[in-house]
Amino acid sequence: MSVAEWMSTLAVAAAAVACGGGGSGGEDTAVPSQPGGGAAAPTLQTLNSGLDRPWGLAQLPDGRLLVTQKGGAIVRLSAAGRTEATLSGVPPVLDSGQGGLLGIAIDPDFGTAGSNWVYFAYAEAGSGSEAGKAGTTVARGQLEGDALTGVQVIFRQAPKVDGSGHYGSRLVFARDKTLYITTGERMKGSPSQDLQQTLGKVIRVNRDGGIPSDNPSFAGGARPGIWSYGHRNIQGAVLHPQTGELWITEHGPQGGDELNIARAGKNYGWPVKSYGCPYGSPVGDACRIGGGTHAPTYVEPLTTWTPISVAPAGLVFYTGSMFPEWRGQLISGSLAGTALWRIAINGETVTAKEKMFGDLGERFRDLIQARDGALLIVTDGGKLMRLSR
């Protein structure tokens, strides 16, 4: 990526065909993040090109990496990205449509006796009365050598439904060591507003699956574990480094992808309100679902991608030293948008969005900040990439 490209203002003008994509035309103005002090422009290096549909990425305390592969395998990589082993002990996974082996997280006390837990989300097939249906499930297992042992399910989406889309499945530990789980609404829409279902929600549980006593309460009652609701398909989630709040990105329909702060008990409006449009609508504002504006009944997003979707996936707050000009900013992957996005913020106000590396055509699925301040990224094309300078 040249310095000239790095400093250019980029337009988004391609039809999006994946989940969260749709429509055509439109422009998202990007404010450049010029490297200062003669610093080199960021570059992407491929560390491993032999992964099989990687979806989630986590780093162990010793620097090695765990990667979920959608087909049902967790692979361990060296700190340099070389494939070392495939872990045994992963339960059966339904690899269909957008379902498969998805998000992953490491226990915050990993490395202390009895706490070497690895948490992972996956699409689980139903049985009995739920045969032919599926749902987002989260399990954990102790990492011992090349195996996960003592695997136990700590969350199951309720109810399981038919279809193969919108599983959500990002996992993020809060500062108090409770676990946030994002779920999609499985392309059903209305369950996002139903507090007796865990579709289209942010869920908060204890590490063993128990329900925290300080979770929000809802008038009329709610299924245990619900933190926030009215979501469509959350595929980016990260804690704010100062406030500790959960920031999320979620897919809109045809346009209307959102950046939100997931707050206790709040309703984010889907499917009643969206700055996106029903699939196939003429590009423009008139087709926005419910008129677009969320307030005052629902929470307004901090920013959106319109009139077409980029399908944001993976999210980090940058806190490293390799890119000092990015500190305190968000970096997001995208699928339909085939790019990385730098999102500059001031408090809770988005001040700029910059599209990066869009010329590569990669679907950037997940990313984390490495200990040296580089970013490690997995793509749907099977790559582990390193963004550094």
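Everything numeric here is computed off the predicted structure, so don't read it as measured data. (Residues numbered from 1 in each chain as written. Predicted model: local features only at pLDDT ≥ 70, side-chain atom pairs only at ≥ 80, totals over all residues. Heavy atoms only, no water.)

Overview of the packing of aromatic side chains
And then number 1: Tallying each qualifying case throughout the model produces nine aromatic pairs.
And then number 2: For the pair Phe 323 and Trp 326, a centre-to-centre distance of 4.2 Å together with 20° between the ring planes defines the contact as stacked. Across the pair, Trp 326 and Phe 323 agree in class, each one buried.
And then number 3: The aromatic ring of Trp 117 is capped on one face by Arg 140, whose charged end is 3.8 Å from the ring centroid.
And then number 4: The ring of Trp 305 has Lys 353 lying over it, and the distance from NZ or CZ to the ring centre is 5.2 Å. (Phe/Tyr/Trp six-rings, centres within 6.5 Å; stacked < 30°, edge-to-face > 60°. Buried < 20%, exposed > 50% of the residue type's maximum accessible area, 1.4 Å probe, protein only. Lys NZ or Arg CZ within 6 Å of the ring centre and 35° of its normal.)

Concerning the confidence of the model for the chain
And then number 1: This prediction gives the chain a mean pLDDT of 91; 90% of its residues lie at or above 70.
And then number 2: The low-confidence segment residues 1-35, where pLDDT is below 50, has 96 contacts with residues more than four positions distant or belonging to other chains. (pLDDT = per-residue confidence, 0-100. Contact = heavy atoms within 4.5 Å.)

Describing the sheet that holds strand 17 (residues 303-305)
And then number 1: The four strands lie next to each other as 14-15-16-17, forming an open sheet whose pairing is antiparallel. Since the sheet does not close on itself, it has two edges, and those belong to strand 14 (234-239) and strand 17, each with one partner. On average, adjacent strands in this sheet sit at an angle of 20° to one another, irrespective of strand direction.
And then number 2: Note that strand 15 (residues 246-250) and strand 16 (residues 257-262) share five bridges and pair antiparallel. The residue bridging Glu 250 from the neighbouring strand is Glu 258, located in strand 16. (Pairing = 2+ DSSP bridges. Helix = DSSP H or I, 4+ residues; strand = E, 2+ residues; numbered from the N terminus. Axes fitted to C-alpha atoms, helices over the stretch in contact; angles between N-to-C directions.)

A few points about the pattern of salt bridges
And then number 1: Enumeration according to the criterion identifies 26 salt bridges in this entry.
And then number 2: In this structure, Arg 263 engages Glu 245 in a salt bridge whose closest nitrogen and oxygen atoms are separated by 2.8 Å. You can see Arg 263 sitting in the loop between strand 16 and strand 17 and its partner Glu 245 sitting in the loop between strand 14 and strand 15, a full 18 residues away along the chain.
And then number 3: For Arg 263, a relative accessible area of 28% translates into the label partly exposed.
And then number 4: Judged by relative accessible area, Glu 245 falls into the partly exposed class, the value being 24%.
And then number 5: We note a salt bridge from Asp 285 to Arg 288, for which the minimum N-O separation is 3.3 Å.
And then number 6: Note on Arg 288: relative accessible area 21%, which makes it partly exposed.
And then number 7: Because the salt bridges share partners, they merge into one network encompassing Asp 62, Arg 64, Arg 76, Arg 82, Glu 84 and Asp 146. (Salt bridge = Lys/Arg side-chain N within 4 Å of Asp/Glu carboxyl O.)

What to know about the state of the cysteines
And then number 1: Summed over all chains, the structure comprises one disulfide.
And then number 2: Here Cys 277 is linked by a disulfide to Cys 287, with a sulfur-sulfur distance of 2.0 Å. With the S-S bond torsion at 70°, the cross-link from Cys 277 to Cys 287 turns out right-handed. One end of the pair, Cys 277, is in the loop between strand 16 and strand 17; the other, Cys 287, is in the loop between strand 16 and strand 17, with ten residues separating them in the sequence. Comparing Cys 277 with Cys 287, the two get one shared label, buried. (Disulfide = S-S within 2.5 Å.)

A short note on the sheet that holds strand 18 (residues 312-317)
And then number 1: Strand order in the open sheet formed by four strands is 18-19-20-21, with antiparallel pairing between adjacent strands. Of all the strands in the sheet, the pair left with one neighbour each is strand 18 and strand 21 (349-356). Geometrically, the sheet is characterised by an average inter-axis angle of 20° between neighbouring strands, direction not taken into account.
And then number 2: Pairing of strand 18 with strand 19 (residues 330-334) involves five bridges; the strand directions are antiparallel. Bridging across to strand 19, Leu 315 finds its partner in Ser 332.

Observations concerning the pairing of strand 24 (residues 384-388)
And then number 1: With respect to burial, strand 24 is a largely interior element, five of its five residues being buried.
And then number 2: Covered by surrounding structure in strand 24 are Leu 384, Arg 386 and Ser 388 together with Met 385 and Leu 387, the residues of both alternating faces.
And then number 3: Bridge analysis of strand 1 (residues 43-48) against strand 24 gives five bridges, and the strand direction is antiparallel. Note that in strand 24 the partner of Thr 43 across the bridge is Ser 388.
And then number 4: As judged from the four bridges shared by strand 23 (residues 375-379) and strand 24, these two strands associate in the antiparallel manner. Pairing of Leu 376 across the sheet is with Arg 386, part of strand 24.
And then number 5: With antiparallel pairing between neighbouring strands as the criterion, strand 23 and strand 24 make up a hairpin whose turn holds four residues, including Gly 382 at a positive phi of roughly 95°.

As for the side chain of Asn 233
And then number 1: Mapped onto the elements, Asn 233 comes out in the loop between strand 13 (226-229) and strand 14.
And then number 2: On the basis of relative accessibility, which here comes to 0%, the residue Asn 233 falls in the buried class.
And then number 3: In this structure the side chain of Asn 233 is engaged in a polar contact, spanning 2.9 Å, whose partner is the backbone nitrogen of Gly 168. (Polar contact = N/O pair within 3.5 Å; in protein donor to acceptor, adjacent residues only side chain to side chain.)

Some points on unusual backbone geometry
And then number 1: The peptide bond linking Ala 295 to Pro 296 adopts the cis configuration, its omega dihedral lying at 5°.
And then number 2: Assignment of secondary structure puts Pro 296 in the loop between strand 16 and strand 17.
And then number 3: The linkage connecting Thr 306 with the following residue, Pro 307, adopts the cis geometry, with an omega of 0°.
And then number 4: The residue Pro 307 is located in the loop between strand 17 and strand 18 in this model.
And then number 5: One non-glycine residue, His 166, adopts positive backbone phi at about 60°.

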